[in-house]
Amino acid sequence: MFKKATLLAAAVVGAGIWTVPVPAEAGAVLDAIRQRGSIRCGIQTGTPGFGFPDSAGVWQGFNVEVCRAVSVMLFNDPSKVQFVPVTSQQRFPALQAGEVDLLSNNSTNTLTRDTQLGFNFGPTVFYDGQGLMVPRRLGVSKATELNGATVCVQPGTTTELNLSDFFRQNRMTFNAVVIDNQAELRNAFFAGRCDVYTNDASALAADRTVAQNPNDYVILPERISKEPLAPVVRHGDEQWFDIVKWAVYALIEGEELGITSQNVDTFLTSNNPIVRRFLGVEPGMGQALGVDQRYAYNILKTVGNYGQIFDKWLGAGSPIRLERGLNELWTKGGLQYAPPAR
Ligand SMILES: N[C@@H](CCC(=O)N[C@@H](CS)C(=O)NCC(=O)O)C(=O)O
């Protein structure tokens, strides 16, 4: 038999009012961002499609849009971001030292980065895996043919660690050419200093587009690791972390609901309670996060949804032409899935 208290608890949970709303309390990082009036976003020094300065010096790309979404969420303005270019070796010390508030730069979510480095990874914005690219003229068709190869690789990366695991596991040797700056690294490979260039497969495809003749290079079919790429913040400011998380989820949820930068206004009169709550027509979610109640509307209107930024910078609308693959929505067989905004 149920006790009275249990029944009462069940009734409260059923009504969705189990907890009393906690007023949003800003931590030190968020306080500093609000005072400064801008976010400092660590970005790579230059990867086509993901993060690069255009000819006018304005930062562009998929990772840039993530920072702009966070900026819109906090300031209703996509321009309140200072982009701080960092190499793979500079990025984590820069985040730990507070020189940047977040990194949006193809960093892989791993156990030791979470624990030993003291970081919180947001939602995975790109499910990737490590690949190996070779000049076509070498005639190599699979990774196990690479015994004794010279391999171009960036230091301080999961790439470097997986590379040595993979060669050891397959009883092969390699010589590493280690270069921190991405443009210098790919140029070294294109100049013939290495037989192999290894990186996240998406970065290889991106870098290949700036080769003199992209068709001279082949990305081998193997993926030798899992690389869930995600924005990352320091431990210690939960509200800031929540804001980064829910800004990304707004991009994903927007796509799932079919809301784009072009049609978002038509959704303001929707009868669907999920849409109404999400867009802030019915207030609540913005307050819970300590931001504008229309944060998701603002993000979708200015930045677009996840699918839009993927297509524009990395997918069919870009020179890189990556497949959605694992980055397709869960409703279409992929892994992109936003928890409910409620
Ligand atoms: N996902 C891997 C590799 C990261 C990586 O190599 N990122 C490149 C961009 S794709 C980078 O930050 N390069 C630094 C630069 O721009 O010089 C990791 O987190 O270790």
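Note that the structure is a prediction, hence the values are computed from the model and not measured.

Visitor: Would you explain the packing of helix α3 (residues 62-75) against helix α9 (residues 238-256) in this entry?
Guide: A pair of packed helices is characterised by two quantities: the angle between their axes and the separation of those axes. Where α3 contacts α9, the two axes come as close as 9 Å, and the packing angle between them is 110°. With respect to α9, the element α3 is oriented roughly perpendicular. Side by side, α3 and α9 meet where Val66, Ala69, Val70, Met73 and Leu74 of the first sit next to Ile243, Val244, Ala247, Val248, Ala250 and Leu251 of the second. Per-class residue counts for the contact of α3 with α9 are 11 nonpolar, no polar and no charged.

Visitor: I'm lost on the site of the ligand in this one. Help?
Guide: Inspection of the region around the ligand gives 21 residues, with Gln44, Thr45, Thr157, Gln182 and Ala203 positioned closest. Only α6 (158-169), β11 (196-200) and β13 (227-229) provide two or more residues apiece to the shell around the ligand. Taken together, the residues of the shell around the ligand sort by class into 2 nonpolar, 17 polar and 2 charged. In terms of domain composition, the shell around the ligand takes at least three residues from each of domain 1 (26-127 + 229-247 + 306-321) and domain 2 (130-225).

Visitor: How should I be thinking about the pairing of strand β8 (residues 130-135) in this particular structure?
Guide: Successive side chains on a regular strand alternate, one facing one side of the sheet and the next facing the other. Among the 6 residues in β8, 5 count as buried, and that is most of the element. Here β8 runs beside β11; their pairing, made up of 4 bridges, is antiparallel. If you follow Gly131 over to β11, its bridge partner there is Asn199. In this sheet, strand β12 (residues 217-219) lies alongside β8 in antiparallel orientation, the contact comprising 3 bridges. Bridge pairing links Met133 to Ile219 in β12.

Visitor: Help me out: how do you make sense of unusual backbone geometry in this one?
Guide: Outside of glycine, negative phi angles account for most residues, and trans bonds account for most peptide bonds. One non-glycine residue, Asn76, lies in the positive phi region at around 50°. Tracing the backbone shows Asn76 in the loop between α3 and β4 (81-85). Even without a glycine there, the phi angle at Arg321 is positive, about 55°. Mapped onto the secondary structure, Arg321 falls in the segment after α13 (306-313).

Visitor: How should the sheet that holds strand β10 (residues 174-178) be read in this particular structure?
Guide: Backbone-to-backbone hydrogen bonds pair the strands of a sheet. The strands run either parallel or antiparallel. Strand order in the open sheet formed by 5 strands is β10-β9-β11-β8-β12, with mixed pairing between adjacent strands. For this open sheet the edge positions go to β10 and β12, each flanked by a neighbour on one side alone. Direction aside, the axes of adjacent strands within the sheet are offset by 30° on average. Relative to β11, strand β9 (residues 149-153) runs parallel, the two being bridged by 2 bridges. Paired with Cys152 across the strands is Tyr197, a residue of β11. Its contacts with the sheet place helix α7 (residues 182-190) against β9, β10 and β11, and it is angled at close to 155° to β9. The strands touched by helix α8 (residues 201-208) within the sheet are β8, β11 and β12, with β11 carrying the most contacts at an inclination of about 120°.

Criteria and cut-off values
- Residues numbered from 1 in each chain as written.
- Predicted model: local features only at pLDDT ≥ 70, side-chain atom pairs only at ≥ 80, totals over all residues.
- Axes fitted to C-alpha atoms, helices over the stretch in contact; angles between N-to-C directions.
- Helix = DSSP H or I, 4+ residues; strand = E, 2+ residues; numbered from the N terminus.
- Parallel < 35°, antiparallel > 145°, perpendicular 65-115°, else oblique.
- Contact = placed C-beta atoms within 7 Å.
- Nonpolar A, V, L, I, M, F, W, Y, C, P; charged D, E, K, R; others polar.
- Near = placed C-beta within 6 Å.
- Domains from an automatic or database assignment.
- Buried ≥ 20, exposed ≤ 12 C-beta atoms within 10 Å, placed from the backbone.
- Pairing = 2+ DSSP bridges.

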